[in-house]
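Results of the structural survey
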Amino acid sequence: MAQITRIVNVKRQDEHNAGDAVCSPLDYFAFPVPVTKCDIYLSLGLAPDDETLIILGGGGLFHFRGFVEHVLASWKHVVLWGMGFNAHGQESDEPPRLFGHLAGLRDKTSKHWVPCPSCISALLDNQPPPEHDTVYYAHQSHDLPRLRGSPYLTNRVAFDEAIRFLSSGKTVVTNSYHGAYWASLMGRKVIVRNPWSSKFNYAFFGERTLAQCRSANLDFYRLVMERYFSPRPTEG
């Protein structure tokens with residue numbers, strides 16, 4: 001068993017993007033060593049060593065393909081968790097060489113499917129009945145056509161506000177990956193309009209239940225613990 005003394009979680013650490021803010025597995029699972037989150041733009045100075053476990057994810061980190069390939073090739077201990085494709089302006093994509101690293105990807109073509117770990121959040125449980133027929137939830141950087149006067153919000157909000165808004169509609173029209181993901185997990189009808197990235201074509205929106213997503217993450221957590229720490233995981 002590898003002697004891991006710390007975990008560094010590399011992802012987009014953007015507190016002004018609801019999905020990026022809550023997609024780290026470190027927010028939902030406990031580990032027996034010190035853990036640190038590092039924004040992918042600030043991680044280039046990390047020097048490979050044999051005692052650090054790099055966890056990539058979640059989010060669409062294959063958008064940073066060169067960086068991901070470098071990490072996979074140069075670090076000894078890497079886990080890909082709940083991350084996936086994100087080629088802007090493209091409909092298809094394919095994963096890089098994994099070099100034997102443990103990979104649980106959110107994309108439906110993945111050999112080991114593990115969705116975004118934000119599904120673990122209790123905020124997704126026991127939602128009240130919808131208040132509106134249709135709501136519109138937009139990615140802050142991409143236009144989303146909508147009917148005048150319809151309820152509208154962008155993903156530049158806190159997670160709890162996003163969940164309250166998404167749950168308020170029977171139907172959610174969105175161009176946000178996490179907006180579609182969370183709405184579908186709450187049983188809302190999801191319409192993805194104007195998809196702008198390959199990630200939308202590899203998603204299981206409406207095809208997997210909240211229980212299935214949580215189970216996939218817990219099973220993957222057990223795999224990580226068994227490989228690097230102990231066969232007796234403790235859920236955080």
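Note that the structure is a prediction, hence the values are computed from the model and not measured.

Here we take up the sheet that holds strand β1 (residues 6–11). One open sheet holds the 5 strands; their spatial order is β2-β1-β3-β4-β5, and the pairing between them is parallel. Every interior strand has two partners, whereas the edge strands, β2 (35–39) and β5 (102–105), have only one. For this sheet, the mean angle separating the axes of adjacent strands, direction not counted, is 20°. By the bridge criterion, 5 bridges tie β1 to strand β3 (residues 52–56) in an arrangement that is parallel.

A word on the packing of helix α3 (residues 159–167) against helix α4 (residues 177–185). A packed helix pair is summarised by two numbers, namely the angle formed by the two axes and the spacing between the axes. Relative to each other, α3 and α4 sit at 60°, their axes nearing to 10 Å. Comparing their axes, α4 and α3 come out oblique. As for the relative orientation of α3 and α4, their crossing is right-handed in sense. The segment α3 lies against α4, with Phe159, Ala162, Ile163 and Leu166 engaging Gly179, Trp182 and Ala183. Split into classes, the residues belonging to the contact of α3 with α4 amount to 6 nonpolar, 1 polar and no charged.

It is worth spelling out the sheet that holds strand β9 (residues 189–192) at this point. Through backbone hydrogen bonds, the strands of a sheet pair up, either in parallel or in antiparallel fashion. Ordered in space as β7-β6-β8-β9, the 4 strands form an open sheet in which the pairing is parallel. Each edge of the sheet is formed by a strand with only one pairing partner; in this case those strands are β7 (152–154) and β9. The mean inter-strand angle of the sheet, taken between neighbouring strand axes irrespective of direction, is 25°. In terms of strand pairing, strand β6 (residues 132–138) meets strand β8 (residues 169–174) through 5 bridges, oriented parallel. Bridge pairing in β8 places Tyr136 opposite Val173. Packed onto the sheet, α3 meets β6, β7 and β8 and runs at close to 145° relative to β6. The strands that α4 touches are β6, β8 and β9; relative to β9, the one it contacts most, it runs at about 165°.

This part is about the pairing of strand β4 (residues 78–83). Counting buried positions along β4 yields 6 of 6 residues, so the element is predominantly enclosed. When β3 meets β4, the two strands line up parallel, connected through 3 bridges. Pairing of Ile55 across the sheet is with Val79, part of β4. Two strands pair when backbone bridges link them, and β4 and β5 are joined in this way by 4 bridges, in the parallel orientation. Each bridged residue has a counterpart across the sheet, and for Val79 the counterpart in β5 is Leu102.

Cut-offs and rules
- Residues numbered from 1 in each chain as written.
- Predicted model: local features only at pLDDT ≥ 70, side-chain atom pairs only at ≥ 80, totals over all residues.
- Heavy atoms only, no water.
- Pairing = 2+ DSSP bridges.
- Helix = DSSP H or I, 4+ residues; strand = E, 2+ residues; numbered from the N terminus.
- Axes fitted to C-alpha atoms, helices over the stretch in contact; angles between N-to-C directions.
- Parallel < 35°, antiparallel > 145°, perpendicular 65-115°, else oblique.
- Left-handed = near helix turned anticlockwise from the far one by under 90°.
- Contact = heavy atoms within 4.5 Å.
- Nonpolar A, V, L, I, M, F, W, Y, C, P; charged D, E, K, R; others polar.
- Buried < 20%, exposed > 50% of the residue type's maximum accessible area, 1.4 Å probe, protein only.

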